[in-house]
Amino acid sequence: MQSESKLLIDTFIDSLWLEKNLSQNTLESYKNDLTKFRLYLEKNNRDVHKADHFLILSYLSFLLDKGFSSKTISRNISSLKGFFRYLLNLDHIATNPMSNIEAPKSGFFLPTTLTVKETELILNSPDDTKAIELRDKAMLFALYATGMRISELVNLAMHNIDLTRGSVQVVGKGGKERLIPLTERSVKIIEKYLLESREKLSKGKDHINVFVSTHGKRITRHSFWHRIKIYINRVGISKDVHPHTLRHAFATHMLNNGADLRSVQLLLGHTDLSTTQIYTHIAQTEMQNMHKKHHQKKKKKK
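Keep in mind the model is a prediction, meaning the values are calculated, not measured.

Enquirer: What am I meant to see in the overall build of the protein chain here?
Expert: Counting secondary structure elements, the protein chain contains 13 helices and three strands. Out of the 302 residues belonging to the protein chain, those deemed buried represent 49%. Restricting to contacts in the protein chain with at least 6 residues of sequence separation, those with at least 24 account for 61%. As displayed, the protein chain offers around 16,200 Å² of accessible surface, 52% of which is attributable to carbon and sulfur atoms.

Enquirer: Just to check I follow, could you spell out the sheet that holds strand β2 (residues 167–171) for this structure?
Expert: The pairing of strands in a sheet happens through backbone hydrogen bonds and is either parallel or antiparallel. Taken together, three strands build an open sheet; the order of strands is β1-β2-β3 and the sheet is antiparallel. Unpaired on one side and paired on the other, β1 (161–162) and β3 (177–181) mark the two borders of the sheet.

Enquirer: Help me out: how do you make sense of helix α2 (residues 24–43) in this one?
Expert: One turn of the α-helix equals 3.6 residues, which is why residues spaced by three or four share an orientation. The first and last C-alpha atoms of α2 sit 28 Å apart over 20 residues, in line with the 28 Å expected at 1.5 Å per residue. Every buried residue of α2 is listed here: Leu27, Tyr30, Asp33, Leu34, Phe37, Arg38, Tyr40 and Leu41. Buried residues of α2, seen end-on, are gathered within an arc of 160° and therefore sit on one face of the element. Turned more than 90 degrees away from the buried face of α2, the exposed residues are Gln24, Asn25 and Lys43. Positive phi appears at Asn45, one or two residues downstream of α2, with a value of about 55°.

Criteria and thresholds
Residues numbered from 1 in each chain as written. Predicted model: local features only at pLDDT ≥ 70, side-chain atom pairs only at ≥ 80, totals over all residues. Heavy atoms only, no water. Helix = DSSP H or I, 4+ residues; strand = E, 2+ residues; numbered from the N terminus. Buried < 20%, exposed > 50% of the residue type's maximum accessible area, 1.4 Å probe, protein only. Contact = heavy atoms within 4.5 Å. Areas by Shrake-Rupley, 256 points an atom, 1.4 Å probe, with all protein chains shown as cover. Pairing = 2+ DSSP bridges. Expected span 1.5 Å × (residues − 1). Arc of directions from axis to C-beta.

Structure, rendered in structure tokens:
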């Protein structure tokens, strides 16, 4: 049985063909973009009627993390805009979730990221006297220190991590491996977790994964994202934070501190440099905002 979302996409494509006389290639592009979106919705147990502003942002960041080029992401924004405008005109939805989402003039989608202060608040939120929160803290520090994807983090095996040398071997998309250095702080927190918490959580099982659940099994991506939300709420951050936000923060803060774009590309495991370049635009935007705030404070003092 076809889902309602699929039927609505098909009728939208038919309407484009009838009303706008678009080429077959253009229609295929629209359909491919919207099919990717539908599959994402289904994976998250949602349909087009329940797609809100935050879900759209989460989806666009998901595309970014998958390594799609800025041009492809901008085209996806255009496809989604057309589709939701169509649904609104036919009264299938009450509000348009795309109304405040624009592809910037540069053609780049700028994902939500965190300031250094906000990142520190989240990293230090877990109570490391509790076994499960010490594990969470170690995972958060590892995530921010390396820029790994959450899927890469939860799949880390004990042989992938070398705390003596302070490095981690990550198996990314397509089975490609990359070696990423760990910060001193992250090494200390991970060591503390391995010594004080992992055995309690694994319940004595000889588990190959670094990070384990309270049932002694590999923690899932979904479970860890649920844990991250606890700490975001605990420190009162109201931004639309999603599973990739700490990865975005890692890249942006690296560039703000003078890291080379090509080095950041290698650390993130991007095949396309244009995907990594998106972070230079976020970094520039952040610097402009800081500059503006600084000058506003100066004016008030005068």
